[in-house]
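Tertiary structure, described
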Amino acid sequence: MRPPNLWLSLLNFFFCFSLANGLNVKNIDECAQTLGNTLLETFNRATGAEKVPTYYGNVARVEKFDPQVAIEKAKISIEKYLARRAKFAYNAKLSLESRKLGRGFEEEVNNPESKHFIRYMSAKTGGDGGAIFKQVQNLSKEVAYNATKNFVMQPNVNFYFLNTSSLASAVHLPTPIYDRAPELLRKIEWSNIDQVYRSNREETRDLAFQLFCSEAGFMRYFPAAPWFWDHETDKETLDLFDCRNTEWYINGATRSKNVLIMLDMSGSMLGQRYEVTKLIIEAILETLSHNDFFNILPFSRNANFLDEECSVKNPMLQATMRNKKYLRAFMNNVTSKGEASHADALNKTFAILKALESNDENEYGCESVIMLITDGIPEDHREMLEANNTDKKIRLFTFLIGEDAINEKTTVINMACQNRGYMVHIQSMADVEDKIQNYIRVMSRPLGAHQDEIDEASQMWSGVYRERLYLPRRERFNEPMPVNNQTFTYMNRLASKRKYRMKKAEARSRMFVTTVSYPVILNQTFMGVAAVNIPLTELNQLAHPTEIGGNSYYFMLDYNGFVMFHPQLRPIHMKTKLHKQNYNNMEMHELEVGQNGTFKKFTLSCGDGKSQTLDVLFASDMVDRVYPQTMTYYSECINGSDFVLGLAVAKGDEYRINRGLKSYNYGGVELDWTEQGEWHLHPYWRYCLLNDTDNQISKENAFASYLKQMKQSGKLPELCKPRQSLVDDLILDLEATAPLYNVWQKEKSYMKKNLIHLTFFSMQSGLIRFYNYTLKPFLYDEKNYDKFNVMQMTQGKNLRPDEVRFQETYQHFILDNNRKSVEDRYFRRSIRQKSKIVFDINNQTKLWYPMGETKSAYGNLENVTLLGQATKALYKENALLGVIGFEFVMDWLVNIMTEHGCPPSDWQHWCVLLDENGYVVYSNEITTSYKNAYMDLRGGDSHLGIFFAHINRVAERAMELLVKSGFYKKYIYYDHQATCRKPKTITMSSTMMKPFHTIFRWFLRTLSSLIYSAKELSLFPFFHAFVGTTEGYAASFHTGHEGFPCTKESPFYFAQMETKFRSADLVDGGQIEKPCTNTKCRVRMQARHVPNTNLIMVWITQAPGSKNCYDVSTCPLEDPSPVPFIWKSTIHNNTETKCRHVRSDRSNKKRRCFSRDYDETSLPCHSGVGAWGAGLFIITFGAIFRIFMI
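The model shown is predicted, which means the values in this text are computed figures rather than measured ones.

What counts as what
- Residues numbered from 1 in each chain as written.
- Predicted model: local features only at pLDDT ≥ 70, side-chain atom pairs only at ≥ 80, totals over all residues.
- Heavy atoms only, no water.
- Helix = DSSP H or I, 4+ residues; strand = E, 2+ residues; numbered from the N terminus.
- Buried < 20%, exposed > 50% of the residue type's maximum accessible area, 1.4 Å probe, protein only.
- Contact = heavy atoms within 4.5 Å.
- Areas by Shrake-Rupley, 256 points an atom, 1.4 Å probe, with all protein chains shown as cover.
- Lys, Arg positive; Asp, Glu negative; His and termini not counted.
- Salt bridge = Lys/Arg side-chain N within 4 Å of Asp/Glu carboxyl O.
- Polar contact = N/O pair within 3.5 Å; in protein donor to acceptor, adjacent residues only side chain to side chain.
- Phe/Tyr/Trp six-rings, centres within 6.5 Å; stacked < 30°, edge-to-face > 60°.
- Lys NZ or Arg CZ within 6 Å of the ring centre and 35° of its normal.
- Pairing = 2+ DSSP bridges.
- Disulfide = S-S within 2.5 Å.
- Axes fitted to C-alpha atoms, helices over the stretch in contact; angles between N-to-C directions.
- Core = buried A, V, L, I, M, F, W, Y, C linked by side-chain atoms within 4.5 Å.

Counting secondary structure elements, the protein contains 35 helices and 44 strands. Among the 1190 residues that make up the protein, the fraction classed as buried is 59%. Within the protein, residue pairs in contact and separated by at least 24 positions form 77% of the contacts whose partners lie at least 6 positions apart. Of the accessible surface of the protein, which amounts to about 48,800 Å², a share of 50% is contributed by carbon and sulfur atoms.

Right under this line is the structure:
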């Protein structure tokens, strides 16, 4: 820091004795009080905040609601919504089961000239064209056939603007499956029930995707949508998505199960066989859903679980992705200890599973299964198996590994066949994925035997997952073009359209769904699963915040007690934008973090009318702020789904606004409610349904059109009835706030004088009214942008629009950065600080000073200025109306502070404003630069936006005293949704093989010509010699391997605004404080609340003779800090907290099991050993491809 200026020091000396408009600026009490009054006066005049409660009083009343009645009302709405979707899935099941599977010879279904030739609409090609492989002189020749139909995709307003087509359903097949196999084609043709799908969509316009996944591996979905490629930049890479690994398929194909995987760790299992084993285990785990339980038991001389500590109390872990990856990580450290004792390991396994059968609490799965992975067993242990499994309740599946293990197959076949299982021989990685499906087929046998018992009430609901069909497709531009004046304008237009499309795709990027499914059975043979998915955002709107208080919220739990939606759920990683590994298996106690920092599980029981109360911490979306609040929890069961709807009501938040009418006269609406002023609706909520093709009309114009219909007919339009409650609340807000436009317009000159350029009012209905005041001295586009210089720098280059830097523009606070009202950061902060004006700094955008550098209010030459917001929650009595506020240029606040005892100055008299969490909103340090605040509000050299104690040692000591004296209270927040990083595993595939990437990609593009002729190739051993151990092979275990779920903790500080202090001095008696031990630094520290705001004013004044207070070399921060504010990983010191992830608080106890009264002895129990299929040939290269791409 630069040394103090002598003249400034003298000015500061005299300023303490000056009077400004009668204000004694040496008195912090008077300065803080006057500042609070000034800010309140400005806020009320700029926003019209005092008038809003009166506007609402003219049209509505305040009522105290009964939480139990509110949750029951929401419950009924959700039940109806879910039942309707389940009915559609069941109708699809019945339609499929009524159809006959076609027959035909191979040459007919694959002969384009035959009337029996089978076509289907491909999800990947977008049409019904394709290619057939024919044998010509012992060689395979590709013969293309032209498409007769192609999808014409258009943005669908009812599918969140995803491109769809209702021409037909689309059929997807993973790359390893040959798409012209005759038996497969007959099943594809049999599954075509587009008439049923189309009828369902016409009946219910907001119906989501209707799906069918076949046991043969194809998926049909309606409406058609472009396929989402994992590697969007190269659509010729392998597509390994298989619908048979989805939770909704697994739930429909099997019943809940207990799977104990026995892993032979004898010496012969090391090397390549162990790598194959890991892939087998991953493939098995991918077929387990949250309904299932599992564990892994390696054995050689002894048999011990991979995680023995967590398996003592709960020998079976719930099959969440967190637990799967947790145990999979242990496998990289397993070692062999000589010859394996199969008999001892089997005895232990049977003992564990039989103990589950005797569990009276019905906590585990319907069927128990042993998966034995080995490269050979000397004997089949017939007598021991008969003694342990006399009634054959436990199934035994055997996986024989290794090409040279064929002599061992008899024993493993006998073991599987005698215990209602199945044996497969896996020679290499190429065999794994297809042969694993054999066990699913066996597990689905009870469905066929009990076909008559599966009725409409037998629906299965999946947990939450991220539906890939909704994911926004990566923006892809045309070929690069040369940059010149003409193409530059065109590219800029393309880039603007891209930005607009990305906004509309934002909803889909966070699109999580649950899916209802039914097994489809034809002649007692399991054929697949029919399903319909339900976006959670739709359920969230049925349990809407307008029905309750502002600080209260609804949440939902699935059948296992995992949270489906909750305002504290943060499923997407803020930086990577990928979903977290544990996004769909978070429990309530991990989101409702207690104020006392203790770990406490709590279970919600529904239907008993009981409630429970907890003191919790509510965290901001970025987890940089926390707010203490007391919540009371209510819950109700959602009939027909096993879900639980919850309601958390904040203390004193049992009030809401209501018209108080039994029925509303829609003919009384006025069109000028929407015609005057600018307004915006929540971009993701449905108010009134639209036609699929109404993609050119905005949500606001669409609702205005419906208002006209109401005015004319006096009735609520049919397409508005599904969301009547939300529509009624929106109409109420439109009517009550209509006068705001005139209020804001009258204050236009006042706004400009005070550098305020935007006022707004956000409501719980999703409505945001706003008024823009353009500040002409400032520019709203980057002023120093030189288009021709950019063109000159890129001249001669062929670029895409996303590779060119276009002119930066102001990002509108409402239209660009805060479009979601109640879900936005400023809204949630404001309602948790009732009666306070909440000030904050905005580093998301900027305004530019006029041409040439301009002096800021700090007196420094600047090109840009910082923006800030002031917001306040408005209430009528105790009922929340919304949050009102304005956006201002930071120079306005600097000028205000100059008039209230804190002008820009040097360090002699340091004055700061801290917000409710200790972040700096204003600092009078004269070198403050706005541009530095944009770089990083947590790490730049500007004080603005930084946690106060992180600036220097004097600030650290002041913050310590602020906490000690009661201005702030310290809390410990535990983030159970955190991600911890682990070191990358460096393998030869990521270094030595890099030069072969291009060759390998070319090789992949030639695979299609080899598919039908490849029969007996085995290339993996060759590649294995060059490839090291990998972290994971299957997609689920490979994605996001750089991090893992963990718990982190950090102290937080929250202002105690209601605390009264006798003196402003932070040290008793106003004594001089010496924060630095090795310098002559001597300061006086004072603090006062700024009334009516979230601000605390802090003064630090150097005493005569004080030196080196702010020299970090002589007065450094303490280590460790007395006011720590940093994240660290939480160390679990006991088994309970370490193993809390093993099973949920509320495991699914409503199991749907079938009796074992059917005979399976005549059914196949093993597969042949020998040549690979064509699809399996490709899987080999799929595994290699994943290794290459590490």
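The rest of the description comes next.
We now examine the side chain of K324. Mapped onto the elements of the fold, K324 is located in helix α11 (residues 321–330). The charged side chain of K324 is buried without a salt bridge, its nearest counter-charge being D292 at 7.2 Å. Engagement of the side chain of K324 in a polar contact is seen with the backbone oxygen of L285, the distance being 2.7 Å.

With that out of the way, let us pick up the packing of aromatic side chains. Counted by the stated rule, this structure contains 50 aromatic pairs. Seen in terms of ring centroids, F1052 and F1125 are 5.2 Å apart; in terms of plane orientation they differ by 70°. Their pairing is edge-to-face. Of this pair, F1052 sits in strand β41 (residues 1043–1055) while F1125 sits in the loop between β43 (1096–1102) and β44 (1128–1129), and the two are 73 residues apart along the sequence. Given the relative accessible area of 2%, F1052 is considered buried. Among the aromatic residues, ring-to-ring pairing joins F159, Y160, F209, Y221, W227, F241 and Y470 into one connected group. The aromatic ring of F618 is capped on one face by R832, whose charged end is 3.6 Å from the ring centroid. The cationic tip of K834 hangs over the ring face of Y875; the distance from NZ or CZ to the ring centre is 4.5 Å.

Here we take up unusual backbone geometry. Backbone phi values are negative for most residues with the exception of glycine, while trans is the configuration of most peptide bonds. Backbone torsion omega between F222 and P223 reads -5°, so that peptide bond is classified as cis. D1119 connects to P1120 through a cis peptide bond whose omega is 0°. Structurally, the position occupied by P1120 is in the loop between β43 and β44. In the Ramachandran plot, F161 falls in the positive-phi region, its phi being about 65° despite a non-glycine side chain. As for its position among the elements, F161 is in the loop between β6 (154–156) and β7 (162–164). Exposure remark for F161: the relative accessible area of 23% places this residue in the partly exposed category. Not every positive phi belongs to a glycine, and V623 is a case in point at roughly 50°.

All right, on to the pairing of strand β27 (residues 643–650) then. Most of β27 is tucked away: eight of the eight residues are buried. On β27, burial covers both faces: F643, L645, L647 and V649 on one face and V644, G646, A648 and A650 on the other are all buried. Bridging between strand β22 (residues 553–557) and β27 involves five bridges; their strand directions are antiparallel. Among the inter-strand pairings, F555 is bridged to a residue of β27, identified as G646. Here strand β26 (residues 626–638) hands over to β27 after four residues, with G640 in that stretch at a positive phi of 90°.

So, about the sheet that holds strand β40 (residues 968–981). If you trace the three strands from one edge of the open sheet to the other, you get β40-β41-β44, paired in antiparallel fashion. Edge positions in the sheet fall to β40 and β44, since each of these pairs with one other strand and no more.

Along helix α14 (residues 409–417), the residues that are buried comprise T411, V412, I413, M415 and A416. Where α14 is buried, its residues contact α12 (342–357), β14 (367–374), α13 (382–388), β15 (394–401) and β16 (423–426).

It is worth spelling out the pattern of salt bridges at this point. Scanning all chains against the criterion turns up 50 salt bridges. A salt bridge links K393 to D391, with the shortest nitrogen-to-oxygen separation between them at 3.9 Å. Taking the relative accessible area as the measure of exposure, K393 reaches 33% and is therefore partly exposed. On the accessibility criterion, D391 (48% relative accessible area) is partly exposed. For the salt bridge of K711 with E670, the shortest nitrogen-to-oxygen distance reads 3.6 Å. With a gap of 41 residues between them, K711 in helix α21 (residues 699–713) and E670 in the loop between β28 (655–658) and α20 (672–675) connect regions that are remote in the sequence. According to the relative accessible area criterion, K711 is partly exposed, its value standing at 34%. Residues joined in a network through salt bridges with shared partners are E367, R395, R420, R445 and E1160.

Attention now moves to the state of the cysteines. Evaluated as defined, the whole model comprises eight disulfides. Paired by a disulfide, C902 and C911 hold their sulfur atoms 1.9 Å apart. Here the S-S torsion is close to 70°, and the disulfide linking C902 with C911 is therefore right-handed. Put simply, C980 and C1046 are joined by a disulfide, and their sulfur atoms are 1.9 Å apart. Judged by the torsion about the S-S bond (85°), the C980/C1046 disulfide is right-handed. In this pair, C980 sits in strand β40 while C1046 sits in strand β41, placing the two residues 66 residues apart along the sequence. We note that C31 lacks a disulfide partner, and the nearest cysteine sulfur, in C902, lies 6.5 Å from it.

Let us look at the sheet that holds strand β42 (residues 1083–1089). What the four strands build is an open sheet, ordered β39-β38-β43-β42; its pairing is antiparallel. The sheet terminates laterally at β39 (920–923) and β42, the two strands that pair on one side only. Geometrically, the sheet is characterised by an average inter-axis angle of 20° between neighbouring strands, direction not taken into account. Sheet topology note: the strand β38 (residues 909–914)/β43 ladder contains six bridges and is antiparallel. When the sheet's bridge partners are listed, L914 is paired in β43 with I1096. Its contacts with the sheet put helix α28 (residues 890–898) on β38, β39 and β43, and the angle it makes with β39 is roughly 60°.

In this section: α28. Most of α28 is tucked away: seven of the nine residues are buried. Turning to α28, its buried residues number three or more, namely M890, D891, W892, L893, V894, I896 and M897.

Let us look at the nonpolar core. By size, the foremost hydrophobic cluster in this structure holds 153 residues, and its most contacted members are F703, M710, I731, F761, F948, M1097 and I1100. Examining the composition of this core, we find that eight residues originate from one element, strand β37 (residues 879–889), more than from any other. Those residues within four positions of I731 in sequence are excluded, and the remaining contacts are R659, Y664, Y666, V669, W673, F703, L707 and M710. Residues I71, A225, F399 and Y583 belong to the second largest nonpolar core, which totals 113 residues.

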